[in-house]
Amino acid sequence: MSSESSKKRKPKVIRSDGAPSEGKRNRSETEQEGKYYSEEAEVDLRDPGRDYELYKYTCQELQRLMAEIQDLKSRGGKDAAVEIEERRIRSCVHFMTLKKLNRLAHIRLKKGRDQTHEAKQKVDAYHLQLQNLLYEVMHLQKEITKCLEFKSKHEEIDLVSLEEFYKEAPPDISKAEVTMGDPHQQTLARLDWELEQRKRLAEKYRESLSNKEKILKEIEVKKEYLSSLQPRLNSIMQASLPVQEYLFMPFDQAHKQYETARHLPPPLYVLFVQATAYGQACAHMKSSQPPRQDKTLSVAIEGSVDEAKALFKPPEDSQDDESDSDAEEEQTTKRRRPTLGVQLDDKRKEMLKRHPLSVMLDLKCKDDSVLHLTFYYLMNLNIMTVKAKVTTATELITPISAGDLLSPDSVLSCLYPGDHGKKTPNPANQYQFDKVGILTLRDYVLDLGHPYLWVQKLGGLHFPKEQPQHTVIADHSLSASHMETTMKLLKTRVQSRLALHKQFASLEHGIVPVTSDCQYLFPAKVVSRLVKWVTIAHEDYMELHFTKDIVETGLAGDTNLYYMALVERGTAKLQAAVVLNPGYSSIPPIFQLCLNWKGEKTNNNDDNIRAMESEVNVCYKELCGPRPSHQLLTNQLQRLCVLLDVYLETESHDDSVEGPKEFPQEKMCLRLFRGPSRMKPFKYNHPQGFFSHR
Amino acid sequence: MERAVLHAVPLGQMEVFQALQRLHMTIFSQSVSPCGKFLAAGNNYGQIAIFSLSAALSSEAKEESKKPMVTFQAHDGPVYSMVSTDRHLLSAGDGEVKAWLWAEILKKGCKELWRRQPPYRTSLEVPEINALLLVPKENSLILAGGDCQLHSMDLETGTFMRALRGHTDYIHCLALRERSPEVLSGGEDGAVRLWDLRTAKEVQTIEVYKHEECSRPHNGRWIGCLATDSDWMVCGGGPALTLWHLRSSTPTTVFPMRAPQKHVTFYQDLILSAGQGRCVNQWQLSGELKAQVPGSSPGLLSLSLNQQPAAPECKVLTAAGNSCRVDVFTNLGYRAFSLSF
């Protein structure tokens, strides 16, 4: 077949080859125009594989011919030229073939490209279609999820549980046979039931409202009735007053007091409440009757209520004023010197101001003597003070030496150990004092009353030590816990003071008033006599030469009372300096002795004087007598007389001195001296009446 | 003023009572422990306090180390006399002598080991025991006091072997003559009697108040203190403090001291005495007053020289009397400090 085609094309090639080179383009163009379509069609008919074979063959042929030409040329024979010519023609034919093949290849290439392009367009169209479809799918999916996520309102409603629903709902709503299997229907049914129930409840609510309205109206009516009753009751109360008074039933009075008590400052209020409560409790304990007029503790409020009320309205003013003027003061101190004193004075007064209300406490003792206590509250210092007064049932003849015993200044001193009531118990006060130039509260105590610690405690004020800025509030429990002991102490204090008062009255007349129940402590015959009993000043006591020991021990504080007793027998004079602690009789009076007889004898140079002191001071418990041992001082003095007797009578007689002994031995003694310090027999043995050594 | 600083001002009932008790305390007796480091002191309330001398004398002594390390109630009445054997502390006061183990006291277990009462004749008032004296040679204890007799007790068996009678009033003090087994006793009757322990007889009597050199009638006859050194004896009390030559029974030196003396002792070539008044007096044998060292008590009743060889650092003189304080003299020149009940 190839040979056939090559044969066919052969003439064409030869023809074109034979044309001169100048007109070659023109001609070939027209020829080609004419032949183009034929070649196009030809391409489809020809097999590209065979063309490739042809191409290869032609190339080989060309190579061979070129090689032969070369060969011939190199040989260079005459006949060679013909040979070469012949050969050249043959090669030209081959070139023609090559050209043809080249064209065909080009056409084929073009065709291939077109085909590829076509196919590609088709593919693109398909791709686009695919994209559209994918998008549609996605959109649909979104729609589906949206639907799935939809929340219905009914889910928020709290429904009754399933079992309850089937139990309670009527069958026309629950429709068990339909709903059991179908959750949707079930839910619908449950919602129906819920709606039904809610409707019912709303109905009930409306009913209740109307009911309430009705009741309110009723109350209104009743109130009106009650308010119309008030004036009538008042008039009845008014009418009953005389009856109350007549029957000793001070209900109304108490009520008024409570009314007033509301205006008391907190500490005084605490005191008032606790004291009232304690007083009532005491009265109840003693008799089962309701509180009577003669109860042991009565509480009252004194002072102007209006002033107290006025005080409450502008509570901040005074303080602000103070601080303002303080700042001001510092600026003006230099300029206005002459008025400074007045200013300070005013400020002091302001600081020490008392609350207009005070609480009166009357404590009645068994012997009908009354201790009147008035409690004040110093508003700016936040402390309480007390003033005391003792009244007795019978008028007392006041002995000179007993002046201080019942004086308001000292009667309550040291009720608790160390509580002198001369210093402010509130540590914060010191700073306030510094500001206005008050050195100590002591100078104002007479006027203001004593700020004893127990007073603060009764008022529920507790001041911690060393913490000046601590805020202090009135505390009921503190007051309550101190009320009973303090009241008891107050009573014993008054009683012991009254007892002392009585004893002093006779002591001043040289009589030692030994009561009959203490008589057994002393022998029947006591020769030494008390000749003097006077009060002495604290300073004088400190000056005495034989009281040094007591002063050094710290037992001679300035709160004590000091006395000087003189016991005499013949030429012997025994001086006794007595320290009377305010806590008498739980704390004994302390004696220091000085005997003037054959020279001056004190505990420093005579062991027996020392022993006598210890007999009265240390062994005082034997001398207390019956409780509550108010007779202690008297007994101690009587004991002192006995001791002096023993001392003088047992003094060894000096052989070198002529004449009889001044003091013949009248006391029965087992032995005169005993022990290394040659003690005298000071101990009295009661029923037998002899003296022995301790 | 020292005490006012030391103690807070007493306020309450108990505090005041305790302050008064301390104020009226009298320390009658002292005794140094066998180890020499501790001092026992007995007071008029029947208490015995044990002080640690070594702690109080150490350089880091505090205020507490001058307080008793232990105080216990030993007797009902005053503790008039105490002596220490090498194991026991013997204390006596109201008629009884009690023994305490030093080892147990120091461990603060204060339980009495035994108690003995000499056979007394009277029964109305129990006589006190004013003096105890150890006789190491025959391991016995001599007690003397209110019943005017010397009772000799065997420490081994605790039995009372014999009673020496002769005094007409109660006995204040005892002293032992080291070489010959002889005991001196001085009493309220004004006599110093010398007893021979072997024969239990009185061998010599010196009635001091009868000698004009030393008699002081206004003070009484009583002999309050005694000390002896070989042939020499010193005694005082109502009569003046006097040095006697025993063999010739003559007073050789009368010491010029007006106040009655309550305790006297020989120390090296000195005589130390104490009594009414604040001072510890030091005398030359010739009668010259060498020194007067003031203590803190208004009157002294006992002196104690700690010469235990076991504790040379605690070699001190202690003096106690009419106060709750025991003065400690580290040398004889001045009072170093006071131990206090």
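So, here is what we can say about the structure in this document. (Residues numbered from 1 in each chain as written. Chains lettered and ligands numbered in written order. Predicted model: local features only at pLDDT ≥ 70, side-chain atom pairs only at ≥ 80, totals over all residues. Heavy atoms only, no water.)

**Points about the overall build of chain A**
Scanning chain A from terminus to terminus reveals 21 helices and 12 strands. Per-residue burial over chain A gives 39% buried out of 694 residues. For chain A, the proportion of contacts with a sequence separation of at least 24, taken over those separated by at least 6, is 66%. Carbon together with sulfur atoms contributes 56% to the accessible area of chain A, which is approximately 41,800 Å² in total. (Helix = DSSP H or I, 4+ residues; strand = E, 2+ residues; numbered from the N terminus. Buried < 20%, exposed > 50% of the residue type's maximum accessible area, 1.4 Å probe, protein only. Contact = heavy atoms within 4.5 Å. Areas by Shrake-Rupley, 256 points an atom, 1.4 Å probe, with all protein chains shown as cover.)

**Some details on the nonpolar core**
If you look at the biggest cluster of nonpolar residues, it comprises 141 residues, and the most contacted ones within it are A:Phe375, A:Leu412, A:Trp454, A:Trp533 and A:Leu633. Of the residues forming this core, the biggest block, 11 residues, is contributed by helix H21 (residues 632-649) of chain A. The residues that make up this core include at least three from each of domain 3 (252-284 + 295-310 + 341-494) and domain 4 (510-652 + 661-692) of chain A. Membership of the second largest hydrophobic core comes to 15 residues, among which are B:Ala175, B:Leu194, B:Trp244 and B:Leu246. (Core = buried A, V, L, I, M, F, W, Y, C linked by side-chain atoms within 4.5 Å. Domains from an automatic or database assignment.)

**Notes on empty space enclosed by the protein**
All names here are of chain B. Evaluation of the coordinates by the stated rule reveals one cavity of 30 Å³ or more. In this structure, the largest cavity occupies an estimated 30 Å³ of space. The leading source of residues in the lining of the largest cavity is strand E10 (residues 140-145), at three residues. (1 Å grid on protein atoms, 1.4 Å probe; cavity = no way out; pocket = protein on both sides within 12 Å on 5 of 7 lines; lining within 4 Å. Points joined across faces, edges and corners; volume = space filled by probe spheres on them.)

**Thoughts on the interface of chain B and chain A**
Taken together, the contact between chain B and chain A spans 43 residues of the former and 37 residues of the latter. Buried area between chain B and chain A, both sides added, is near 3,600 Å², and the carbon and sulfur share of it is 54%. Area buried by chain B at its contact with chain A is led by B:Leu20, B:His24 and B:Glu125, which between them contribute 18% of it. On the surface where chain B and chain A come into contact, there are five salt bridges. Between B:Glu128 and A:Arg671 there is a salt bridge; the shortest N-O distance is 2.7 Å. Scanning the region where chain B abuts chain A turns up 13 residue pairs in polar contact (both at pLDDT 80 or more). Those elements that place two or more of their residues in the side of chain B that touches chain A are helix H1 (2-6) and helix H2 (13-23) of chain B. Per element, the largest residue contribution to the side of chain B that touches chain A is seven residues, and it comes from H2(B). Its residues placed into classes, the side of chain B that touches chain A shows 22 nonpolar, 13 polar and eight charged. (Buried area = accessible area lost by both parts, 1.4 Å probe. Salt bridge = Lys/Arg side-chain N within 4 Å of Asp/Glu carboxyl O. Polar contact = N/O pair within 3.5 Å; in protein donor to acceptor, adjacent residues only side chain to side chain. Nonpolar A, V, L, I, M, F, W, Y, C, P; charged D, E, K, R; others polar.)

**What about the sheet that holds strand E5 (residues 529-536) of chain A?**
Residue and element names in this part refer to chain A. Taken in spatial order, the five strands of this open sheet run E5-E6-E7-E8-E9, and their pairing is antiparallel. The sheet is open, and its two borders are formed by E5 and strand E9 (600-602), each paired with just one other strand. Mean inter-strand twist for the sheet, computed between neighbouring axes without regard to direction, equals 20 degrees. The pairing of strand E6 (residues 561-569) with strand E7 (residues 572-580) spans nine bridges and is antiparallel. From the neighbouring strand, leucine 561 faces E7, where its bridge partner is leucine 580. Strands in contact with helix H20 (residues 607-617) are E7, strand E8 (590-596) and E9; relative to E8, the strand with the most contacts, it is inclined by about 150 degrees. (Pairing = 2+ DSSP bridges. Axes fitted to C-alpha atoms, helices over the stretch in contact; angles between N-to-C directions.)

**A word on the packing of helix H17 (residues 476-507) of chain A against H21(A)**
Residues and elements named next belong to chain A. With their axes 9 Å apart at the nearest point, H17 and H21 run at an angle of 35 degrees to one another. Taking contact as the criterion, the partners of Leu500, Gln503, Phe504 and Leu507 in H17 are, on H21, Leu633, Thr634 and Leu637. Residue composition of the contact of H17 with H21, grouped by class: five nonpolar, two polar and no charged.

**Describing the layout of surface pockets**
All names here are of chain B. Size it by volume and the largest pocket reaches roughly 1,700 Å³. Along its surface, the largest pocket is lined by 49 residues, and Val83, Leu133, Leu174, His263 and Thr265 are the ones closest to its centre. Going through the elements one at a time, strand E1 (27-32), strand E5 (81-84), strand E9 (129-135), strand E13 (171-177), strand E17 (223-229), strand E21 (261-267) and strand E25 (300-305) are the ones with two or more residues in the lining of the largest pocket. When its residues are assigned to classes, the lining of the largest pocket shows 24 nonpolar, 19 polar and six charged.

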